[in-house]
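# Structural description and commentary
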Amino acid sequence: QVQLVASGGGLVQAGGSLRLSCAYSGRTASSFSWGWFRQVPGKEREFVAAIRRIGTTYFADSVKGRFTISRDNAKNTVYLEMNSLKPEDTAVYYCAAGGLGPADSRRTYDNWGQGTQVTVSS
């Protein structure tokens, strides 16, 4: 059974930092890609960041230079380090695992975790 469990969300002031974690198990341990997406009510889920099995990383333009993504193989966990947070980063963040398709496409990912809420106050 594939499982992805996201955690680490919360309330933070603008300019602050948060680290999201996504613990994966089962078949997702052999995935080629792990990604983070976010969604606000009334909008489509959008790409935030991704990391390939070989370590290549990808970021949405809106978070480049502020967010980093990493993976700890020993802990089967993917992290999203978010710095210099802005109110527009407020969303529910989802982690996902998938194959070799485009890193920024939801269709690349066939396994999704539950969301974790990130709220950035101004």
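Let me sum up the structure you'll find in this document. (Residues numbered from 1 in each chain as written. Predicted model: local features only at pLDDT ≥ 70, side-chain atom pairs only at ≥ 80, totals over all residues. Heavy atoms only, no water.)

Before going further, it helps to examine the overall build of the protein. Counting secondary structure elements, the protein contains zero helices and eleven strands. Beginning at the N terminus, the succession of helices and strands in the protein can be written as β-β-β-β-β-β-β-β-β-β-β. Relative to the compact-globule value of 14 Å for 122 residues, the protein shows a C-alpha radius of gyration of 13 Å, a close match. For the protein, the C-alpha atoms occupy an extent of roughly 40 × 25 × 25 Å along the three principal directions. For the protein, the residues scored as buried account for 43% of the 122 residues in total. Contacts in the protein between residues far apart in sequence, at least 24 positions, make up 57% of those at least 6 positions apart. Accessible surface, the protein: about 6300 Å² in total, of which carbon and sulfur atoms supply 47%. Charge-centre separation for the protein: the mean point of 14 positive side chains lies 4 Å from the mean point of 9 negative side chains. (Helix = DSSP H or I, 4+ residues; strand = E, 2+ residues; numbered from the N terminus. Rg over C-alpha atoms; globule rule 2.2 N^0.38 Å. Buried < 20%, exposed > 50% of the residue type's maximum accessible area, 1.4 Å probe, protein only. Contact = heavy atoms within 4.5 Å. Areas by Shrake-Rupley, 256 points an atom, 1.4 Å probe, with all protein chains shown as cover. Lys, Arg positive; Asp, Glu negative; His and termini not counted. Charge placed at Lys NZ, Arg CZ, Asp CG, Glu CD.)

Take the environment of Thr116 next. Structurally, Thr116 is set in strand E11 (residues 116-121). A relative accessible area of 10% places Thr116 in the buried class. Ignoring any residue separated from it by four or fewer positions in sequence, one finds Thr116 in contact with Ala6, Ser7, Gly8, Gly9, Leu20, Ala91, Val92 and Tyr93. A distance of 3.1 Å separates the side chain of Thr116 from the backbone nitrogen of Gly9, its partner in a polar contact. (Polar contact = N/O pair within 3.5 Å; in protein donor to acceptor, adjacent residues only side chain to side chain.)

The next point concerns the pattern of salt bridges. Within the structure shown, the criterion is met by five salt bridges. Taken together, the shared-partner salt bridges in this structure form one network comprising Arg38, Glu46, Arg66 and Asp89. (Salt bridge = Lys/Arg side-chain N within 4 Å of Asp/Glu carboxyl O.)

This part takes up the packing of aromatic side chains. Under the definition given, this model contains five aromatic pairs. Their ring planes at 75° and their centres at 5.3 Å tell us that Phe37 and Tyr109 sit as a pair that is edge-to-face. Here Phe37, found in strand E4 (residues 33-39), pairs with Tyr109, found in strand E10 (residues 109-112); they are 72 residues apart in sequence, far enough to count as distant. The exposure classification of Phe37 matches that of Tyr109, with both residues buried. Summarising the aromatic geometry, the rings of Tyr109 and Trp112 are spaced 6.2 Å apart at their centres and angled 70° between planes, so their arrangement reads as edge-to-face. For Tyr109, a relative accessible area of 4% corresponds to the buried category. One aromatic cluster is present, built from ring pairs that chain together Phe37, Phe47, Tyr109 and Trp112. The residue whose ring lies beneath Arg45 is Tyr94, and the NZ or CZ to ring-centre distance is 3.6 Å. Positioned above the aromatic ring of Trp112 is the side chain of Arg45, whose terminal nitrogen or guanidinium carbon lies 5.0 Å from the ring centre. (Phe/Tyr/Trp six-rings, centres within 6.5 Å; stacked < 30°, edge-to-face > 60°. Lys NZ or Arg CZ within 6 Å of the ring centre and 35° of its normal.)

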